[in-house]
Amino acid sequence: MQNTKQIPETSRCEPAIYEYKKSSFSEIYEVLQSLRKDEILCDIKLETDDGEVIFGHKVVLASASPYFLAMFTNFSEKNINQVIIRQLDSRALHLLIDFVYSGKISITEKNVQILLSASNLLQLQEVKKACCDFLQTQLCPTNVIGINALADLHGCMQLSTSSELYIQQHFSDVVEGEEFLSMSYDQMVKLISSEELTAPSEEKIFESVIRWVKHDLGSRKQILPQLIEHVRLPLTSRDYILEKALDEPVFNSCLECKDYVIEALHFHLLKSDGLITIPHNIRTKPRQPGGTHKQVILVVGGLGHDYEVLESTKYYDPKLNKWQSGPKFEPRFGGGLAVVKDSNIVLYVGGVNNSRSFYQSVYVLDLSSELPCWKPSIDMLIKRCYLGVCVINNLVYAVGGYDGESYLNTAEVFDCITQKWRLISDMSTRRSAVGLGVLNNLLYAVGGFDGISQQRLKSVECYHPSLDKWTTIAEMSLGRSSVGIGVLDGVLYAVGGHDGVNVHRSVEAYRPTTGVWTTVADMNLYRRDAGVAVLGGLLYVVGGYDGLSVLDSVECYNPNTNTWTMVTASMSVPRRFLGVVAIDSPHFKTC
């Protein structure tokens, strides 16, 4: 019988493609896990200090961990089949290797510390975040100080911030615990000097300081005056000072503390007389937890549409998701912006104006003044535009750039104490439009343009201040001029830039532990000449140029999720070659 069903013919006899995507890879990993446990096809053995040996497959480990990827592709371990992993708990390594093969891990109070340390070393960010999430749920007055120290040790910014806030908000309960007595001097000063500290009274803060000192009286008694400096004794009652504070032997026997008693009693005397001109300092100012303290991103100058040189400054408050106007600056672009946190000042260094005059001048903005305004400071030794600027230990570095005639490999440093600039060693390469970042108190000069090869540079140099020496490190995968640089959680990020033809939206990350650059998620937009700032555990990229238009948009990168998100509030004024820095300012008014 003839089959009458017609089979449709394709309109054209062309090669066709039918794509099929496997719905789940769990079966593959189950097989790999089985092979590993049976030691079949394994090409690597990982040995810990205690002699434990764990079998694995290099390709599987490298696919999950940047640490193993670098080890098995760039270092001598790629040619051997047994590696000793130093300073790593064998229990943690077992759990993490199982996680790589299964995607599952159990975190408990007993293993969270070793897992956090090991996942940080192996750069297993998912596990590191899971450990931080677990610790976040465990915060209580008896363990929060230890968790805060752990977060700081392993660069867990979000956990560090939240645990610090917990300590400040639960001060009365935290200081009753044993952990409080083991706090370091620096931790104590940071805590009792905080504007955000929530305490029932300054009396409670004073008594906590005395208790901490008495716990180790022999070594701590001599630093009592430095601690009392941060206690707002004038805000305690006059009767408390005379009847309680002076009745405390440790405090009463401290001669240097007498000045603070006199200051407090003098304050009460003037206050009782109703005098308006009562002297004010930090000890006479009530703390303001949750008050006016702001962390913002400051943007200065830049080049707008139609090559307009901008004089306006803006600052972005992420809590309000709002841009506001800051103190005006003279029209300038291509300079470097940096903040010296100890003195709470911002510096704008070098740059060029609308008549293409190149500057060696420096302007400062004192954020602690009642009405911050830009004021001239000490000129650099050399004119510099498209330079890199960074701060290490209150020393301001100005690196590379262009002086209007030559592309520069010189660098200089400004000492905020002596108020003098001096030259440091030259870089091996001329670098204009260079990106500059600080990581572990070392300076990294990234990419740029040498003006000679006509190629945008992939190379990177690292400066050691103690040695006054530049060292070449691993190259990036792409040439990046006008690249943005940010440092977050111990990682140096090179963001965007261009290679002379193409503007990039790609991002590369450098970890000193591995010594290699790896790619992370691309930005949403192509950007060169953009500014970069780090705030609240996120990497913000501001403005820039996409190859066609100057941008007013902002996006931020979350390293925990490896994702970029557009900030809904735009600057409203497009800018490229702008100065961008994160500042910590309790009072930001404009003159």
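Preceding this section is the structure that the text describes.
Residues numbered from 1 in each chain as written. Predicted model: local features only at pLDDT ≥ 70, side-chain atom pairs only at ≥ 80, totals over all residues. Heavy atoms only, no water.

Enquirer: Hey, could you go over helix 12 (residues 202–215) for me, with residue numbers and the actual values?
Expert: Over its 14 residues, helix 12 runs 20 Å from end to end, which matches the ideal 20 Å to within 8%, given 1.5 Å per residue. Burial analysis of helix 12 places 10 of its 14 residues in the buried class, which makes it a mostly covered element. What helix 12 keeps buried is the set Glu202, Glu203, Lys204, Ile205, Phe206, Ser208, Val209, Ile210, Trp212 and Val213. (Helix = DSSP H or I, 4+ residues; strand = E, 2+ residues; numbered from the N terminus. Expected span 1.5 Å × (residues − 1). Buried < 20%, exposed > 50% of the residue type's maximum accessible area, 1.4 Å probe, protein only.)

Enquirer: Report on the pairing of strand 5 (residues 313–317), specifying residues and quantitative values.
Expert: Extensive coverage of strand 5 is indicated by the burial of 5 of its 5 residues. Burial along strand 5 is two-sided: Thr313, Tyr315 and Asp317 and Lys314 and Tyr316, pointing in opposite directions, are all buried. Pairing between strand 5 and strand 6 (residues 322–325): 4 bridges, direction antiparallel. If you follow Lys314 over to strand 6, its bridge partner there is Ser325. Where strand 5 hands over to strand 6, the hairpin turn is made up of 4 residues, of which Asn321 adopts a positive phi near 50°. (Pairing = 2+ DSSP bridges.)

Enquirer: I'd like a rundown of empty space enclosed by the protein, residues and numbers included.
Expert: A complete count under the given rule lists 1 cavity of 30 Å³ or more for this structure. The wall of the largest cavity is formed by Ser482, Gly484, Val495, Gly496, Gly497, Arg527, Arg528, Asp529, Ala530, Val532 and Val541. A per-class count over the lining of the largest cavity returns 4 nonpolar, 4 polar and 3 charged. (1 Å grid on protein atoms, 1.4 Å probe; cavity = no way out; pocket = protein on both sides within 12 Å on 5 of 7 lines; lining within 4 Å. Points joined across faces, edges and corners; volume = space filled by probe spheres on them. Nonpolar A, V, L, I, M, F, W, Y, C, P; charged D, E, K, R; others polar.)

Enquirer: Pulling in residues and values, what's your account of the sheet that holds strand 14 (residues 420–424)?
Expert: Strand order across the open sheet formed by 4 strands is 11-12-13-14, with antiparallel pairing between neighbours. Among the strands making up the open sheet, the edge pair consists of strand 11 (388–392) and strand 14. When strand polarity is set aside, the average angle formed by the axes of neighbouring strands in this sheet is 25°. Taken together, the 5 bridges between strand 12 (residues 395–399) and strand 13 (residues 411–415) define a ladder with antiparallel strand orientation. Within the sheet, the bridge partner assigned to Val399 lies in strand 13 and is Ala411. (Axes fitted to C-alpha atoms, helices over the stretch in contact; angles between N-to-C directions.)

Enquirer: Quick rundown of the environment of Gly146? Include the residues and the values.
Expert: Mapped onto the secondary structure, Gly146 falls in helix 7 (residues 144–153). Along the sequence, Gly146 and Lys322 sit 176 residues apart, while their C-alpha atoms lie 35 Å from each other.

Enquirer: Any chance you could break down the packing of aromatic side chains for me, citing the residues and the numbers?
Expert: Under the defined criterion, the tally for this structure stands at 22 aromatic pairs. Here Phe329 and Trp374 contribute two aromatic rings whose centre-to-centre distance is 4.8 Å and whose plane-to-plane angle is 45°, an arrangement assigned as tilted. Here Phe329, found in the loop between strand 6 and strand 7 (336–340), pairs with Trp374, found in strand 10 (residues 374–376); they are 45 residues apart in sequence, far enough to count as distant. Trp374 shares its class with Phe329; the two are buried. By way of ring pairs, the aromatic residues Phe329, Tyr348, Tyr363 and Trp374 are connected into one cluster. The ring centre of Tyr101 lies 4.9 Å from the NZ or CZ of Arg36, which sits over that ring. Positioned above the aromatic ring of Phe449 is the side chain of Arg456, whose terminal nitrogen or guanidinium carbon lies 4.1 Å from the ring centre. (Phe/Tyr/Trp six-rings, centres within 6.5 Å; stacked < 30°, edge-to-face > 60°. Lys NZ or Arg CZ within 6 Å of the ring centre and 35° of its normal.)

Enquirer: So what's going on with the packing of helix 4 (residues 90–102) against helix 5 (residues 112–122)? Which residues, and what values?
Expert: Where helix 4 contacts helix 5, the axes come no closer than 9 Å and their chain directions differ by 65°. For the element pair helix 4 and helix 5, the recorded crossing hand is right-handed. On the side of helix 4, the interface is formed by Arg91, Ala92, Leu93, Leu95 and Leu96, while helix 5 contributes Ile114, Leu115, Ala118, Ser119 and Leu122. Here the residues of the contact of helix 4 with helix 5 are counted per class, giving 8 nonpolar, 1 polar and 1 charged. (Left-handed = near helix turned anticlockwise from the far one by under 90°. Contact = heavy atoms within 4.5 Å.)

Just geometry here; none of it tells us what the structure is for.
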